[in-house]
Amino acid sequence: MTLVFVETDENGEVALTSAEALTFARTNASALLPQLPDGAPDTSREVAAPPSGSTEAVVVGPLSEEAVGELSRLGVSRIHHLESADLEAYSAPAWAQAIVDIAPETGAVLASGTPRGMELMTHVAMRTGERMAANVVAADEEGLLRQVLGGAAFERLQLDGDLQVLTLAGHACNPEETTPTTPEILTHSPESAAEDLRTRVVRTEVETAADNDTSGLTQARAVVGAGRGVGSENGFGEVLELVDHLGGALGVSRVVTGLGWRPHSEQVGQTGSRITPDVYIACGISGAIQHMAGIEGAKTLIAINTDEESTMVQRADYAIIGDLHEVVGAVNEEIRSRRG
Amino acid sequence: MDILVCIKRIPDISGQITLDASGTDIDDSGLGHTASAHEECAVELAIQTAAATGGKVTVLTLGPAEAVEQLRAAVGVGANDGILIETEDPGAFGPEDIAQIIGDVIRDRAEGGQSFDLVLLGNDAADTGDFQVPIRLAYDLEYPVLTGIQTLSASAGSDSDSSGSSAGGSIEARGIGPAGTEIFSLELPAVIAVQEGGVDPRYPSITGRMKAKKARIAEYVAPEPGAGNPRIGLELPPDTANEVTILGEGPDAAGALVDVLEEIGVIRS
């Protein structure tokens, strides 16, 4: 059995990243079972393992009807709904222990590679005495493949325990629905050890979220990227106008935030947001691997750059060779004139 | 408050990467080296927090002899001293080993009279991206642990007492959660994994550079790996031949670009 930690958004719907993790669990069910040397099923255990290949979900906090419907369409056979006073505020060890308590002895526990997912799966690994693999992209009989170097390379590895604990790299798999199931819902109200509540969230400041809000960036259909080529803090005028024409978001390279020109919340890349827009327009960004790691999910890549040999131009679907201020200025003008 | 910051020497990669002959690591000959972005922020937070509470900052790394460069760089921006746990083959160690070895060194320093109220690490290393050492270390030390923290503020009473021992106290830590900025209040000693974005790492001053050269670096020899590295090998993504369509040069190509954007359907009406 594979147990998937499912995150829900503010509307109670299953997060896209969790839908990816559930799809991955379902479509890689046999590869996620522990690999025995001879490939034979493990018959040494006295307790029968749960039916192999099934996918179960664990949701902490409110469980909406919408989420249950979505989990059904994603092929979940059983939903573990964890709701208790101790779990109301997030505390990683407490949540992780509650997951450990319902985890199978044999099989896999996985989450999407979000901050919560990474943190919880590491605690789960510690508490089950297992190793953990972060940012997995594929599983087969030879083991797991995971992203390293921000996605510039892949590591093949084998977790040797009975329980595979892993997180799935964002966008490693497209969410796919299947024949709807009728999931059994099991409600658990665990009590947590005092020690596990030492790291609970004391309070959340929602009003400051706008400063740090990256949801506009990660959900935008069009993202305009700006790098060092913009020239200065005051050089974002044309780029921001284009963002406006596209109803999109601005994304910047690490150099730009490092220089203090724009806030970190706008940074795209290995240590910023990973984005999946329909189109990414990279303006004056050369294409360092740390930046490319954040944009590999973009469906169409357009580069505006003076250097035809730059990585960004070479990796793009479309490119214009030229100064970004001149080109973006002309693009804005063209959009305005077509609009009439 | 005395703070230990754990950093890692990693290749400074910007362009194409190649694998070494073993196929288990990248070929870093000819590449510069640096510490991860998250770790530079951890060093900065440590310096600020130590300054606010009248404590010291020690940086630690497990790596080859050359990793002393990264320790000296941290001293150059304000850390007080360093600890090098030397191994010629850092790739042989898995996250379990690294956490265990750092834990052993922390216990050894405590026996020698140098105890740390707070242990900071980067959220994950930019090369291996395991996301595990901070949490594994915390379990080894039996300290509470937070990850994804961007800023810290020491509460009153969190100064070390005059004897320099870990006198407890607490620290407020802030990180970005799914619904906003999450605030934690943590009893010390604790382990905290730092995420880039809350502070800007400072540049070394001239006096800092001088100090770095003379930095006191305690040296340990890493033991043999225990659990080892579960890595079987590295693979590079297939070199997909990409055909870029050059729409033109300069502002004259704007019309062609707008055509593409219209086709994708992302221009607001």
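Since this is a predicted model, take the numbers as computed values, not measurements.

Thoughts on the overall build of chain B
So, point 1. In terms of helices and strands, chain B carries 6 helices and 13 strands.
So, point 2. With respect to the principal axes defined by its C-alpha atoms, chain B has extents near 70 × 50 × 40 Å.
So, point 3. The proportion of buried residues among the 269 residues of chain B is 49%.

Points about the environment of R200 of chain A
All names here are of chain A.
So, point 1. Mapped onto the fold, R200 is located in the loop between β9 (184–188) and β10 (203–205).
So, point 2. Exposure remark for R200: the 20 C-beta atoms within 10 Å place this residue in the buried category.
So, point 3. Linking R200 and S91, residues 109 residues apart in sequence, is a C-alpha distance of 4.0 Å.
So, point 4. Sequence-distant contacts of R200, that is, excluding residues within four places in its chain, are made with A89, Y90 and S91.

Some points on the nonpolar core
So, point 1. Counting 186 residues, the largest nonpolar core has V5 and L120 of chain B as the members making the most contacts within it.
So, point 2. Taken together, domain 1 (2–197) and domain 2 (210–339) of chain A each give at least three residues to this core, which thus spans both.
So, point 3. Those residues within four positions of L120 of chain B in sequence are excluded, and the remaining contacts are I3, V5, A42, L45, A46, I192 and V194 of chain B.

Things to note about the interface of chain B and chain A
Where interface size is given, it is often the accessible area lost as the parts come together that is meant.
So, point 1. The partner chain A presents 70 residues to the 64 residues of chain B that form the contact.
So, point 2. Those elements that provide at least two residues to the side of chain B that touches chain A are α1 (37–53), α4 (133–141), β7 (145–154), β8 (170–177), β9 (180–187), β12 (231–235), β13 (245–249) and α6 (254–264) of chain B.
So, point 3. Its residues assigned to classes, the side of chain B that touches chain A comprises 34 nonpolar, 19 polar and 11 charged.

Overview of the sheet that holds strand β4 (residues 57–63) of chain B
So, point 1. Spatially, the 10 strands line up as an open sheet ordered β10(A)-β9(B)-β8(B)-β7(B)-β10(B)-β6(B)-β1(B)-β4(B)-β5(B)-β11(B), and their pairing is mixed. Taken across any chain shown, the strands that pair with only one partner, and hence form the sheet edges, are β10 of chain A together with β11 (217–221) of chain B. Put simply, the sheet's adjacent strands are angled 35° from each other on average, direction ignored.
So, point 2. Relative to β9 of chain B, β8 of chain B is paired through 8 bridges, and the arrangement is antiparallel. Pairing of G175 of chain B across the sheet is with E182 of chain B, part of β9 of chain B.

Remarks on the domain arrangement of chain A
Residue and element names in this part refer to chain A.
So, point 1. Parsing chain A into structural domains produces domain 1 (2–197) and domain 2 (210–339).
So, point 2. The C-alpha centroid of domain 2 is placed 34 Å from the C-alpha centroid of domain 1.
So, point 3. Counting residues at the interface gives 6 residues for domain 1, matched by 8 residues for domain 2.
So, point 4. Looking at the side of domain 1 that touches domain 2 residue by residue, the class counts come to 2 nonpolar, 4 polar and no charged.

Structural notes on the packing of helix α4 (residues 92–102) of chain A against helix α5 (residues 115–128) of chain A
All names here are of chain A.
So, point 1. Running from N to C, α4 and α5 cross one another at 60°; their axes reach a closest spacing of 9 Å. Between α4 and α5, the angle falls in the class oblique. Note that α4 runs across α5; the crossing there is right-handed. Contact residues: A92, P93, W95, A96, Q97, I99 and V100 in α4; E119, L120, H123, V124, R127 and T128 in α5.
So, point 2. When the residues that make up the contact of α4 with α5 are grouped by side-chain class, the tally is 8 nonpolar, 3 polar and 2 charged.

Thresholds, definitions, all that
- Residues numbered from 1 in each chain as written.
- Chains lettered and ligands numbered in written order.
- Predicted model: local features only at pLDDT ≥ 70, side-chain atom pairs only at ≥ 80, totals over all residues.
- Helix = DSSP H or I, 4+ residues; strand = E, 2+ residues; numbered from the N terminus.
- Buried ≥ 20, exposed ≤ 12 C-beta atoms within 10 Å, placed from the backbone.
- Contact = placed C-beta atoms within 7 Å.
- Core = buried A, V, L, I, M, F, W, Y, C linked by C-beta atoms within 7 Å.
- Domains from an automatic or database assignment.
- Nonpolar A, V, L, I, M, F, W, Y, C, P; charged D, E, K, R; others polar.
- Pairing = 2+ DSSP bridges.
- Axes fitted to C-alpha atoms, helices over the stretch in contact; angles between N-to-C directions.
- Parallel < 35°, antiparallel > 145°, perpendicular 65-115°, else oblique.
- Left-handed = near helix turned anticlockwise from the far one by under 90°.

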